[in-house]
Amino acid sequence: MKHPLNVTSEIGELKTVLLHRPGKEIENLTPQYLKRLLFDDIPFLPAIQKEHDYFSNILSNRGIEVLYLDKLMTEAIQLDETRMSFIEKVLWESQSNINGSYETVKDYLLSLPPDELVKKVMSGVVKSDIDQDKKIHLHELMPDHYPFYLDPMPNLYFTRDPAAVIGEGITINRMHEPARRRESIFMDYIMNHHPRFNKHEIPAYFKRDDLYSLEGGDELILSDEVVAIGVSARTSAQGIEKLARELFTRQKSIKKVVAVEIPKIRAFMHLDTVFTMIDHDKFTYHPAIEDRDGSMKIYILEQEENSDLLKITEKNSLKETLKEVLHLDEIVLIPCGGGCPIASAREQWNDGSNTLAIAPGVVVTYDRNYVSNDILRQNGVEVIEILSSELSRGRGGPRCMSMPIIRENIS
Ligand SMILES: NC(=O)NCCC[C@H](N)C(=O)O
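Scoring rules and cut-offs
- Residues numbered from 1 in each chain as written.
- Predicted model: local features only at pLDDT ≥ 70, side-chain atom pairs only at ≥ 80, totals over all residues.
- Heavy atoms only, no water.
- Helix = DSSP H or I, 4+ residues; strand = E, 2+ residues; numbered from the N terminus.
- Rg over C-alpha atoms; globule rule 2.2 N^0.38 Å.
- Buried < 20%, exposed > 50% of the residue type's maximum accessible area, 1.4 Å probe, protein only.
- Contact = heavy atoms within 4.5 Å.
- Areas by Shrake-Rupley, 256 points an atom, 1.4 Å probe, with all protein chains shown as cover.
- Lys, Arg positive; Asp, Glu negative; His and termini not counted.
- Charge placed at Lys NZ, Arg CZ, Asp CG, Glu CD.
- UniProt positions renumbered as here; feature names shortened; annotations may be inferred.
- 1 Å grid on protein atoms, 1.4 Å probe; cavity = no way out; pocket = protein on both sides within 12 Å on 5 of 7 lines; lining within 4 Å.
- Points joined across faces, edges and corners; volume = space filled by probe spheres on them.
- Nonpolar A, V, L, I, M, F, W, Y, C, P; charged D, E, K, R; others polar.
- Core = buried A, V, L, I, M, F, W, Y, C linked by side-chain atoms within 4.5 Å.
- Near = heavy atom within 4 Å.
- Polar contact = N/O pair within 3.5 Å; in protein donor to acceptor, adjacent residues only side chain to side chain.
- Sits in = over half its atoms within 2 Å of the grid points.
- Salt bridge = Lys/Arg side-chain N within 4 Å of Asp/Glu carboxyl O.

**Student:** Could you clarify how one ought to interpret the overall build of the protein in this entry?
**Tutor:** The helix and strand tally for the protein stands at eleven helices and 19 strands. Here the C-alpha atoms of the protein give a radius of gyration of 21 Å, agreeing with the 22 Å that 2.2 N^0.38 yields for 411 residues. Viewed in the frame of its principal axes, the protein has a C-alpha envelope of about 70 × 50 × 40 Å. Taken over 411 residues, the protein has a buried fraction of 60%. Put simply, of all contacts in the protein between residues at least 6 apart along the chain, 70% involve residues at least 24 apart. When the accessible surface of the protein is summed, it comes to about 17,100 Å², and 50% of that surface belongs to carbon and sulfur atoms. One finds the centroid of the 49 positive side-chain charges in the protein at a distance of 1 Å from the centroid of its 64 negative side-chain charges.

So this is what it looks like as C-alpha cells:
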C-alpha cells in the first residue's frame, strides 16, 4: 500500500495538498478580539471564500489533489467513541472559556451530526447557540460579557502551521499562541482515525503536548537531507533541538537541521513570511532579516558520531549556508519588492515572500505583490497569481494556506 505522506523537498511536484476553506469562524471575528485572534482586519466572508476557491481551483486544474480539513475531520470522527473523545479534548483545551458550562456545551456538541460538529468547533460556540432554558450561570445569561463558549478558530485556513509532513512522518505542532493552540487537534485526529492514514506507520516527530512551541510556517524542507527551521516569534530554539534529535534518530536521511534566527516581530511571524524556496537554487527572501552588514544568526545542527550530543556550528551568511548544505556553487536570493525599501516592506506585509512552489521554478503568489512577481519572472520563475484582497488580511500567503501531503521526490 502506497504511503499516504511524502514530502522530501519544498519544490518537488505537488501531488496532494490540504486546505481549509474559510468558514463562519471568519464572521466570529469582532474588533474587540481581533488582536488576540491574530487578525488585523475582518475579511468579508463571501469574498474570502471566492478567493480561496480560486486558489483551490488553480491547484486542482494543475492536477493536484486538494483535500479539505473539515471533510477529512468529519470522516475521521464517524465512530461514536472517537467523536466523544474529540469533543472532550476540545472542551478540555477550551476550559478557560467554558467557565462552568462544560456539560451544557458538551450536550450541545453531541447533538450535532459529525459535519456540523466539526464546523461548529471551527467557527466557535456562541452564547446564542445554546437554548436559553439550558443556561444556569450568570455569564451565560450575559451575552455582552463575553460572547463565546468556545472561541472561533479564524486562522484555520493557514493549514501550513499546525502540522507539517517531513518525509513519511509528521510534526503535530504545539502552537505558540493560545488562539491557535487547539488547531493541531484536527491533524492529530486525522492521522490517528482517518482510514486514509491510520493504517500506516506515521512517525510523529513532534507532538502537540511537547513543552516547547514549533509551527509549520517555520519548517522548510530544503532537501531529503536538510531541514531549515526558523527561530521565530512562534518557534523556540528548544523545540527545534527536540525535533532535530527526533529526525536524526528516526528519519535517518536527514543529516542537518539549519536553525535560522529571524526578528521576532508580527510581520515576520514565521520563517516562510521572509524566506521560501522556489527552485533548486532560487529562493525569495526579505532583505530586512539581515543585519546592516548582511549577516544573520544561523546554526547548523548535526548528530555527533557515537554520541548523544549534537554538533552545533554557527554561520552568519544565508547564501553561503545554503550553498554549503545544498552542495551548490551558486544560489540566487530574490529580494521581496526588489529590495526597494517601500515596495519590499509593503509586499512583505502582504506575503510577497510567501510563495508556494508547486514544482521546481513554478510558484503560486498573491496578485497584489506585483513588484515581487515581476522580479520572480525576470529570474525565470513561472508565477501563477491568485486573488488576494481578503485572504491577505489574515497575514499569510499561498504557502501558509497550504499543507503539502505528497510531493514527488526531486533528483
Ligand atoms: N506560515 C504563516 O506565516 N502563517 C500565517 C499565519 C497568520 C495568522 N494570522 C497568525 O498570526 O498565526
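Moving on, there is more to tell.
**Student:** Would you mind showing me how to read the UniProt feature "active site" (unreviewed entry) in the protein here?
**Tutor:** Sequence positions flagged by UniProt for "active site" (unreviewed entry) are, in local numbering, Cys-400. Within the element layout of this structure, Cys-400 appears in the loop between β18 (382-386) and β19 (403-407). In this view, Cys-400 contacts Tyr-157, Phe-158, Thr-159, Arg-160, Asp-272, Asp-351 and Asn-354; residues no more than four positions away in its chain are not counted.

**Student:** Teacher, can you tell me more about empty space enclosed by the protein here?
**Tutor:** Taking a probe equal in size to a water molecule and rolling it over the atoms shows the remaining empty space. For the structure on display, the rule yields six cavities of 30 Å³ or more. Together, 13 residues line the largest cavity, and Arg-160, Ala-164, Val-165, Ile-221 and Pro-404 are the ones closest to its centre. Looking at the lining of the largest cavity, the elements that each hand over two or more residues are β5 (163-166), β8 (219-221) and β19. The element best represented in the lining of the largest cavity is β5, accounting for three residues. A breakdown of the residues in the lining of the largest cavity according to their chemical character gives six nonpolar, two polar and five charged.

**Student:** What should I look at first to understand the side chain of Asn-350 in this one?
**Tutor:** Relative to the helices and strands, Asn-350 is located in the loop between α10 (341-349) and β16 (356-359). Relative accessible area serves as the criterion here: at 8%, Asn-350 is assigned to the buried category. When residues no more than four places from it in sequence are discounted, the contact partners of Asn-350 are Tyr-366, Arg-368, Asn-369, Ser-392 and Arg-395.

**Student:** Just checking my understanding: could you explain the nonpolar core for this structure?
**Tutor:** In summary, soluble globular proteins display a tendency toward joint burial of nonpolar side chains. Counting residues in hydrophobic clusters, the biggest one holds 61 residues, and the most contacted among them are Phe-86, Leu-109, Ile-170 and Met-187. At six residues, the largest contribution of residues to this core is made by helix α7 (residues 184-193). In contact with Phe-86, other than residues within four places in its own chain, are Met-73, Ile-77, Leu-117, Val-121, Ile-185, Phe-186 and Tyr-189. In terms of nonpolar packing, the next biggest core, distinct from the first, is built from 34 residues, Ile-48, Ala-179, Ile-358 and Ile-384 among them.

**Student:** How do you make sense of the site of the ligand when you look at a structure like this?
**Tutor:** Surrounding the ligand, one finds 16 residues, the nearest of these being Asn-155, Asp-161, His-270, Gly-394 and Cys-400. Residue Asn-155 places a side-chain N or O atom 2.7 Å away from a nitrogen atom belonging to the ligand. Contacts to the ligand include Arg-234, whose side-chain N or O atom sits 2.9 Å from an oxygen atom. Structurally, the ligand is housed in the second largest cavity. Across the shell around the ligand, the residue classes tally to four nonpolar, six polar and six charged.

**Student:** Help me out: how do you make sense of the pattern of salt bridges in this one?
**Tutor:** A side chain of one charge can pair with a side chain of the opposite charge when the charged atoms of the two come close. On inspection of all chains with the given rule, the structure shows 35 salt bridges. A salt bridge links Lys-264 to Glu-261; the shortest N-O distance between them is 3.2 Å. In this structure Glu-261 comes out as partly exposed when scored by relative accessible area, which is 30%. In this structure, Arg-346 and Glu-347 form a salt bridge, with 3.7 Å as the shortest nitrogen-oxygen distance. When salt bridges with common partners are traced through the structure, they connect Lys-319, Glu-320, Lys-323 and Glu-330 into a single cluster.

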